[in-house]
Amino acid sequence: MENNIYGKQLNGTASLAKVYAIANQKGGVGKTTTALTLGEALTRLSKKVLVIDLDPHANASVHMSYFPETVTTSAHDLFFDNADFKSLWGKIVKKRDWVGFDFVPASIRLSELEVDLKDRKNKGMVLSNSLDEIKEYYDFILIDCPPHVGVLLVNAIVAADTVLIPIQTDFLALYGIRLLFDTIKILNKVLPSPVKFMALPTMYDGRAGACRKILNLIRRKLGDRVFSTVVHMDTKFREACASGKIIFDVDPKTRGALEYMQLAREIVRNEDA
């Protein structure tokens, strides 16, 4: 890691990082794109940001040129028994020159944790406990979650201040979030305070009547738990992914880039309110 997160308090305030778990049971809804693009947008607002890839598929890691077969330290290390979190974070947090945020890559071994943690006490609290060690060094911590219910998703939700749910504006994607809401309801029965969540409409095409209907339905059902920001379809996202870049490096004035900047500002306003 190029910067020593334990050298000083990096966010310049006494506040602790706000943790956002970016989750949806359905794949292909813009979850990884949201984690990386929002992370970069927040840094452009002078926020100190950490993005954690907690998905065994490691899509965010590959996008950032951290390939599972070559990664030696990863988010998986946080779940070792008796892990020394203070020293461990200094080993697993990485930095790329072309982005402003810090990054923790995933490992395919994260898929083994369902079995490895089977008999471990408080197994849903591991990530939350580890984040306590670094919250004072960041303004925001974004977690790219796996697209299925399991010990990793539970860890992310328990650790989060807010679950950010990207919802593609089509009927199948809307149906897919039911499982996530069921998981949140179950956790709310045992957690000291209810899980806060916010929905982000993604891949929106205003020309399609079905998209407009779904967006209206989302806003009607979830009310103020839907961001004002709506992320439209933008081919620049694919171009950025293919070149291993964030959309701001492809075209900072394209619609997708401007909308994620709008989302970042909305989140900062909400947190400051």
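Everything below is about the structure printed above this text.
A quick note: this is a predicted structure, and the numbers were derived from the prediction, not measured. (Residues numbered from 1 in each chain as written. Predicted model: local features only at pLDDT ≥ 70, side-chain atom pairs only at ≥ 80, totals over all residues. Heavy atoms only, no water.)

Chemist: Go over the environment of aspartate 249, please, and point to the residues and values.
Modeler: Within the secondary structure, aspartate 249 is located in helix H10 (residues 247–250). Aspartate 249 sits 34 residues away from leucine 215 along the chain, and the two C-alpha atoms are 29 Å apart. (Helix = DSSP H or I, 4+ residues; strand = E, 2+ residues; numbered from the N terminus.)

Chemist: Provide a residue-level description of the sheet that holds strand S1 (residues 18–22), including the pertinent values.
Modeler: One open sheet accounts for seven strands, arranged S3-S4-S2-S5-S1-S6-S7; its pairing is mixed. The outermost strands of the open sheet, each flanked by one partner alone, are strand S3 (94–95) and strand S7 (197–202). Examined bridge by bridge, S1 and strand S6 (residues 162–168) share three bridges and lie parallel to one another. Its bridge partner lying in S6, alanine 21 is registered against valine 163. Contacts between helix H1 (residues 31–43) and the sheet are confined to S1, strand S2 (49–53), strand S4 (102–104), strand S5 (140–144), S6 and S7, with S5 contributing the most and set at about 165° to the helix. (Pairing = 2+ DSSP bridges. Contact = heavy atoms within 4.5 Å. Axes fitted to C-alpha atoms, helices over the stretch in contact; angles between N-to-C directions.)

Chemist: Describe the side chain of threonine 43, with residues and values.
Modeler: Looking at the secondary structure, you find threonine 43 in helix H1. The class of threonine 43 is buried, set by a relative accessible area of 15%. Excluding its chain neighbours within four sequence positions, the residues that come into contact with threonine 43 are Val49, Gly100 and Phe101. (Buried < 20%, exposed > 50% of the residue type's maximum accessible area, 1.4 Å probe, protein only.)

Chemist: Pulling in residues and values, what's your account of the environment of phenylalanine 103?
Modeler: Topologically, phenylalanine 103 is positioned in strand S4. A C-alpha to C-alpha distance of 8.7 Å links phenylalanine 103 and methionine 64, two positions 39 residues apart in sequence. Those residues in contact with phenylalanine 103 that sit more than four places away from it in its chain are Leu36, Leu50, Val51, Asp53, Ala60, Ser61, Met64, Tyr66, Ile92, Val93 and Lys94.

Chemist: Go over the environment of methionine 198 with me, naming the residues and quoting the values.
Modeler: In this fold, methionine 198 is placed in strand S7. A relative accessible area of 10% means that methionine 198 is categorised as buried. The spatial distance from the C-alpha of methionine 198 to the C-alpha of leucine 164 is 5.1 Å, given a sequence separation of 34 residues. In contact with methionine 198, not counting residues within four places along its chain, are Thr162, Val163, Leu164, Ile165, Asp224, Arg225, Val226 and Phe227.

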